[in-house]
Amino acid sequence: MSCVRILISAGEASGEMYGALLIAALRRLADQSPATTPGQTTLDQKLEFFGVGGERMRAAGCDTVVDSRHLAVVGITEILGHLPKIWGLFHKLITEADRRKPDLAVVIDSPAFNWRVARQMKKRGIPVVYYVCPQFWAWRQGRVRLLRKYVDKALVIFPFEEKFYRDRGVDATFVGHPLADLPRPALDRAAYARQYDIDPAKPWITIMPGSRVKEVRMNLPVIIQSATKLGSAYEFLLPVAPTLERSFLQALILEAGATETPIRLVPETLPALSQSRAAIIASGTATVEAAMIGTPFVMVYRVSSLTYRLGRHRVKVPHFAMVNLIAGKEVVPELVQHDFTAEQVVAKLGEILPEGPARSKMLAQLASVKASLGDLVTGRPHPVDRAAEAVLTLLSMGKSSKTG
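As the structure is a prediction and not an experimental result, all values here were calculated from the model.

### Description of the packing of aromatic side chains
Logical step 1: Overall, the coordinates contain seven aromatic pairs when judged by the stated rule.
Logical step 2: Ring geometry for Phe-158 versus Phe-160: centroids 6.1 Å apart, planes at 10°, classification stacked.
Logical step 3: Take Phe-158: its relative accessible area is 5%, and that puts it in the buried class.
Logical step 4: The ring of Trp-204 carries the charged tip of Arg-189 above its face, separated from the ring centre by 3.8 Å.

### Concerning the nonpolar core
Logical step 1: Core analysis: the biggest nonpolar cluster contains 94 residues, and Val-106, Tyr-131, Leu-220 and Leu-349 have the highest contact counts within it.
Logical step 2: With nine residues, the top contributor of residues to this core is helix 1 (residues 13-30).
Logical step 3: Listed in part, the 35 residues of the second largest apolar core include Ala-105, Leu-147, Tyr-165 and Phe-174.

### Brief notes about the environment of Val-300
Logical step 1: Residue position: Val-300 is located in strand 12 (residues 297-301).
Logical step 2: Sequence separation between Val-300 and Gly-284 is 16 residues; the distance between their C-alpha atoms is 9.8 Å.
Logical step 3: Those residues in contact with Val-300 that lie beyond four places of it in its chain are Ile-223, Ile-280, Ile-281, Ala-282, Ser-283, Leu-335, Phe-340 and Val-345.

### Quick word on the sheet that holds strand 7 (residues 172-174)
Logical step 1: Spatially, the seven strands line up as an open sheet ordered 3-2-1-4-5-6-7, and their pairing is parallel. Each having just a single partner strand, strand 3 (62-67) and strand 7 make up the two edges of the open sheet. For this sheet the average axis-to-axis angle between neighbouring strands, irrespective of direction, equals 20°.
Logical step 2: Bridge count for strand 5 (residues 128-131) against strand 6 (residues 153-156) is three bridges, and the pairing is parallel. Bridge pairing links Tyr-130 to Ala-154 in strand 6.

### A look at the packing of helix 9 (residues 213-230) against helix 10 (residues 246-256)
Helix-helix packing is described using two parameters, namely the angle between the two axes and the distance between the axes.
Logical step 1: Close contact between helix 9 and helix 10 brings their axes to 10 Å; oriented N to C, the two are set at 40°. Like other packed secondary-structure pairs, helix 9 and helix 10 cross with a definite hand, here right-handed. Contacts between helix 9 and helix 10 involve Val-213, Val-216, Arg-217, Leu-220 and Ile-224 from the former and Phe-248, Leu-249, Leu-252, Ile-253 and Ala-256 from the latter.

### Side note on unusual backbone geometry
Logical step 1: Of note, Asp-197 is a non-glycine position whose phi angle comes to about 60°, a positive value.
Logical step 2: Along the polypeptide, Asp-197 turns up in the loop between helix 8 (189-195) and strand 8 (204-208).
Logical step 3: A positive phi angle, near 55°, is found at Gln-337, a position not held by glycine.
Logical step 4: In this structure, Gln-337 sits in the loop between strand 13 (334-336) and helix 15 (342-352).

Cut-off values and rules
- Residues numbered from 1 in each chain as written.
- Predicted model: local features only at pLDDT ≥ 70, side-chain atom pairs only at ≥ 80, totals over all residues.
- Heavy atoms only, no water.
- Phe/Tyr/Trp six-rings, centres within 6.5 Å; stacked < 30°, edge-to-face > 60°.
- Buried < 20%, exposed > 50% of the residue type's maximum accessible area, 1.4 Å probe, protein only.
- Lys NZ or Arg CZ within 6 Å of the ring centre and 35° of its normal.
- Core = buried A, V, L, I, M, F, W, Y, C linked by side-chain atoms within 4.5 Å.
- Helix = DSSP H or I, 4+ residues; strand = E, 2+ residues; numbered from the N terminus.
- Contact = heavy atoms within 4.5 Å.
- Pairing = 2+ DSSP bridges.
- Axes fitted to C-alpha atoms, helices over the stretch in contact; angles between N-to-C directions.
- Left-handed = near helix turned anticlockwise from the far one by under 90°.

Structure below.
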């Protein structure tokens, strides 16, 4: 059996998770021959994956030429300081692509790195799929021209993105969010509590300061101050992102003086969120995970003062939290930059921790956001399977054009 090689590039924790899901879906669909669903595309060749990723993608069978942890930076000024290293990793990936000659490239989010990958693949005549497109609708809208020029197919995960990109000449298709229809983990709370030294009788609060070192440094100290103000009546769980070292988080927690209110480090996000009464979450994919699980939360975020000054005027949307953008209104409170204080966090949590109208309203609106992200219809493929089918279709078209 001949082999089809796919370059896949995911530059941070969320993209790496989506990449692993996509690889699994591609293998599953490629193995389904003959097609069992009308219009479904299959491929009678073995799939091989290489590129940029982390533990999840390696577990899914991707040969990671570049580890995504080395690309996890945030903000305009922060990126500048890492340019030499990132440039070297970029050339390492392109050199490997020239050696392996992929049949198709899939780039996931991380536009500062991945549009350059897309450009180099396009130069070599390799079809390019952009999965989880950059949020150019939020800022730097002029950069849509990069997608139009270097990307053959854009697979978007938010319902309003398809029209935005199509109106600007990009071949975009809404496939749904990869985390749509995410089930609540089946978990024995008492056993989980014993394993991580958590009091099962207290309400739990999950804290998620981000997946990159710089943003964690900016966000975690104030979150810990908030936890200290809330006090020992609660347990605080911090899921360790795969892009972070446990020792780094432990040192930062110790530096912040969280002794009277211990922060419990746990390995996975979803079990913690599913058992928590509420959460404090940095802007990003984790906010969508909380919405999918149905855990009320407060969104927080802070960048360096210079990054904020340089970037704030470019923002073209009324909200920072993705759930608020999808809903078109404030579903969860947003505490950004100067508004992000321990006092504000505690006040906002105080509205949603107890049973009452505010909590009930947020839960109902989070459920509505979850439904819209999947566009779920009985019998319709899951969003990740829709994305995989689009990739296989482009692969088949490329194979046909080469043999035709």
